[in-house]
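Each chain, letter by letter, is given below.
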Amino acid sequence: MPYLTRSAAGTARTGLGVGFGIPGYAHPLVAPLEWGELARPGTPLHWVVLNVADGPGTRPDPRCLEATGRLRNAGVRVLGHLDAAYGARTFGELASDAHRYLDWYKADGFYLDRCPTERSALPEIRRTVTRLRGLRDKGHIVFGHGTHPYPGYAENADQLVTFSGPWTDYRWSQVAEWTADYPPERFCHFVHGVPRGHLEEALRIARWQGASTIYFTDRLDHGGRADPYASMPGYWDEIVSRVGTGVSE
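The shown structure was predicted, so the numbers you read here are calculated from the model rather than taken from an experiment.

A.B. asks: Let's hear about the overall build of the protein chain: which residues, and what values?
C.D. replies: Broken down by element type, the protein chain carries 7 helices and 8 strands. Its C-alpha atoms give the protein chain principal-axis dimensions of about 50 × 40 × 35 Å. By the burial criterion, 53% of the 249 residues in the protein chain qualify as buried. Sequence-distant contacts, at least 24 apart, represent 76% of the contacts inside the protein chain between residues at least 6 apart.

Below is the structure:
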C-alpha cells in the first residue's frame, strides 16, 4: 500500500470533522462566483486564505472587504496570506503584511506560504509565530510547507500543509510516521488535477493519511504556468456533498 494507515492514537478527534481549506481563489473581481459560493450556508469550510496581490496589497480593496465581510458574517475564518519565501523574508516584512491584513480585513489568522521545512530554520519561524500570535490573540496559524517538514514545526502552528501537488504524486504518496502522534485536524492536503472518477479515492487517501482539512480540484497547473487553486473545481457541488456527509471508510 503506498500510504500508511493511522495508529489508534493518531485517529483521535477533537470535534473538527473533514472540511475545506481554501488556498486562495483569484481576486473577487475575477472570481466573484467562487467567493460568493463560499458564503453558502452549510459548506464545510475550515478557513479561506485571502491573497489580494501577493499579500495584502497597498490599500484596502473594496471588493475584498465585501467578500471577506460575507464570509465573516457566515462564520468562516479568513486567513491573511504571508509569503515566508522559505525563510528569506524578515519578520519586519511579514509583520507589515500581517498588520495590514488585521487593520483592513480583520484577519482571523495567517497562512505562511512557502514555509521552510528544515530544522535549521525552525527557531526563526518559532519567533515569527510567537510575534504573530501577539498581534492577533487566538489567531489561527497554518504553515504552507507543501511537504512533510522537520517534526518540530508541528509544535508551532495550528495546522501544517504536508502535501501540495498533483494527483499523479498524491495517489502514491506516503505519510511521515511522526504525524501519527497528532490528530488529523493538524494536517492539510491540497491536490490539483484530481479526475472526477478518482475523487472518492483521493478522499480516502486523505482519511488514511490523517488529514482533515483538504482541497481537491480537477484544475491543472499546466507545468507551473497556472494556479490550479485560483478557481473552483468543476465538481464543487459533488465534493461539498461528499465531505458534508462524511468521507467513506
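This is not the end of the story, as more comes after the structure.
A.B. asks: Describe the layout of surface pockets, naming the residues involved and giving the relevant values.
C.D. replies: The volume enclosed by the largest pocket comes to roughly 680 Å³. Around the largest pocket, the lining comprises 27 residues; the ones closest to its centre are Pro23, His81, Asp113, Asp227 and Tyr229. Elements with a contribution of two residues or more to the lining of the largest pocket: strand S3 (78–83), strand S4 (109–113), strand S6 (159–166) and strand S7 (187–192). Class assignment of the residues belonging to the lining of the largest pocket gives a composition of 11 nonpolar, 10 polar and 6 charged.

A.B. asks: I'd like a rundown of the pattern of salt bridges, residues and numbers included.
C.D. replies: Enumeration according to the criterion identifies 16 salt bridges in this entry. The shortest N-O distance in the salt bridge between arginine 72 and aspartate 108 comes to 3.8 Å. On the criterion of sequence distance, the pair formed by arginine 72 in helix H2 (residues 62–73) and aspartate 108 in the loop between helix H3 (91–105) and S4 is long-range, its members being 36 residues apart. Its relative accessible area of 16% is what places aspartate 108 among the buried residues.

A.B. asks: Requested: an account of the packing of aromatic side chains, with residues and values cited.
C.D. replies: Evaluation of the coordinates by the stated rule reveals 17 aromatic pairs. Between tryptophan 47 and tyrosine 111, the aromatic rings sit 6.0 Å apart at their centres with planes inclined by 40 degrees, giving tilted as the arrangement. A residue pair is termed long-range when its members are at least 10 positions apart, and tryptophan 47 in strand S2 (residues 45–50) and tyrosine 111 in strand S4 qualify at 64 residues. Across the pair, tyrosine 111 and tryptophan 47 agree in class, each one buried.

A.B. asks: Pulling in residues and values, what's your account of the environment of alanine 85?
C.D. replies: Position of alanine 85 among the secondary structure elements: in the loop between S3 and H3. Alanine 85 sits in the buried class, given a relative accessible area of 15%. Placed 137 residues apart in sequence, alanine 85 and histidine 222 show a C-alpha to C-alpha distance of 22 Å. Each residue touching alanine 85, except ones within four places of it in the same chain, is listed here: Asp113 and Arg114.

A.B. asks: I'd love a proper account of the nonpolar core, names of residues and values included.
C.D. replies: By size, the foremost hydrophobic cluster in this structure holds 72 residues, and its most contacted members are Phe143, Phe216 and Trp236. Among the elements that line this core, the one with the most residues is H3, at 7 residues. Look past the residues within four positions of tryptophan 236 in its chain and what remains in contact with it is Phe20, Ile22, Tyr25, Glu37, Leu38, Arg40, Thr43 and Tyr215.

A.B. asks: Let's hear about the pairing of strand S5 (residues 140–144): which residues, and what values?
C.D. replies: Residues in a regular strand project their side chains so that they alternate between the two faces of the sheet. In terms of burial, S5 is largely enclosed, as 5 of its 5 residues are buried. Because side chains alternate across S5, one face comprises the buried residues His140, Val142 and Gly144, and the other comprises Ile141 and Phe143, equally buried. The pairing of S4 with S5 spans 5 bridges and is classified as parallel. Bridging from a neighbouring strand, leucine 112 pairs with phenylalanine 143 of S5. In the classification by handedness, the crossover that spans S4, the intervening helix H4 (residues 122–135) and the parallel S5 is right-handed. Note that S5 and S6 share 2 bridges and pair parallel.

Calculation notes
Residues numbered from 1 in each chain as written. Predicted model: local features only at pLDDT ≥ 70, side-chain atom pairs only at ≥ 80, totals over all residues. Heavy atoms only, no water. Helix = DSSP H or I, 4+ residues; strand = E, 2+ residues; numbered from the N terminus. Buried < 20%, exposed > 50% of the residue type's maximum accessible area, 1.4 Å probe, protein only. Contact = heavy atoms within 4.5 Å. 1 Å grid on protein atoms, 1.4 Å probe; cavity = no way out; pocket = protein on both sides within 12 Å on 5 of 7 lines; lining within 4 Å. Points joined across faces, edges and corners; volume = space filled by probe spheres on them. Nonpolar A, V, L, I, M, F, W, Y, C, P; charged D, E, K, R; others polar. Salt bridge = Lys/Arg side-chain N within 4 Å of Asp/Glu carboxyl O. Phe/Tyr/Trp six-rings, centres within 6.5 Å; stacked < 30°, edge-to-face > 60°. Core = buried A, V, L, I, M, F, W, Y, C linked by side-chain atoms within 4.5 Å. Pairing = 2+ DSSP bridges. Right-handed = clockwise from strand over helix to strand, strands pointing away.

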